[in-house]
Amino acid sequence: MNMNDLKNSNAAVSTVTINKNEFDQPTENIYEAISITAKRAVQINSEIKKELLEKLEEFATYSDSLEEVFENKEQIEVSKFYEKLPKPHALAVEEWLNDKIYHRNTEKDQ
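All values reported here derive from a predicted model rather than from experimental measurement. (Residues numbered from 1 in each chain as written. Predicted model: local features only at pLDDT ≥ 70, side-chain atom pairs only at ≥ 80, totals over all residues. Heavy atoms only, no water.)

A. A look at the overall build of the protein. Counting its regular elements, the protein contains six helices and zero strands. Its helices and strands taken in sequence order, the protein reads α-α-α-α-α-α from the N to the C terminus. Within the protein, the proportion of its 110 residues that are buried is 28%. For the protein, the proportion of contacts with a sequence separation of at least 24, taken over those separated by at least 6, is 72%. Accessible area of the protein: about 8,700 Å², with a carbon and sulfur share of 49%. (Helix = DSSP H or I, 4+ residues; strand = E, 2+ residues; numbered from the N terminus. Buried < 20%, exposed > 50% of the residue type's maximum accessible area, 1.4 Å probe, protein only. Contact = heavy atoms within 4.5 Å. Areas by Shrake-Rupley, 256 points an atom, 1.4 Å probe, with all protein chains shown as cover.)

Below, the structure is given as structure tokens:
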């Protein structure tokens, strides 16, 4: 997932109601479906965090003085962009509903 994927995502930015029957249809178990999407949300969150830290590192200025606080406009703009993105759980739910998450039950495979 990269920044372009995040910009072009159709995930909801605010809370939306999802049909339970549609959500748990692939697994026929609501708890399993929630567990899968939660794990994916953690993956998405770590990807976003890594990308954000890399972008902010480009603008970092290091100073020995604690009194000096620099307001870097580029850092502020990058931070604002990431704040406006859909939350990781919303992105994971969108992927789940669009069958973009691969999952399998290892207990059934045996």
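Now that the structure has been shown, the text picks up again.
B. View of the packing of helix α3 (residues 30-58) against helix α4 (residues 73-84). Interaxial distance between α3 and α4 falls to 10 Å at its minimum, and their mutual angle equals 165°. What the angle tells us is that α3 and α4 run roughly antiparallel. Once α3 is placed against α4, the crossing between them reads as right-handed. Within the contact between the two elements, α3 uses Ile 48, Glu 51, Leu 52, Lys 55 and Leu 56 and α4 uses Gln 75, Val 78, Ser 79 and Tyr 82. (Axes fitted to C-alpha atoms, helices over the stretch in contact; angles between N-to-C directions. Parallel < 35°, antiparallel > 145°, perpendicular 65-115°, else oblique. Left-handed = near helix turned anticlockwise from the far one by under 90°.)

C. Here's a closer look at the packing of α3 against helix α5 (residues 88-97). Remark: α3 packs on α5, axes separated minimally by 8 Å, with the N-to-C direction vectors making an angle of 125°. Judged by the inter-axis angle, α3 sits oblique to α5. α3 and α5 meet at a crossing whose hand is right-handed. Two secondary-structure elements touch here, α3 through Ala 33, Ile 36, Thr 37, Arg 40, Ala 41, Ile 44, Asn 45 and Ile 48 and α5 through Pro 88, His 89, Leu 91, Ala 92, Glu 95 and Trp 96. Looking at the contact of α3 with α5, its residues break down into nine nonpolar, three polar and two charged. (Nonpolar A, V, L, I, M, F, W, Y, C, P; charged D, E, K, R; others polar.)

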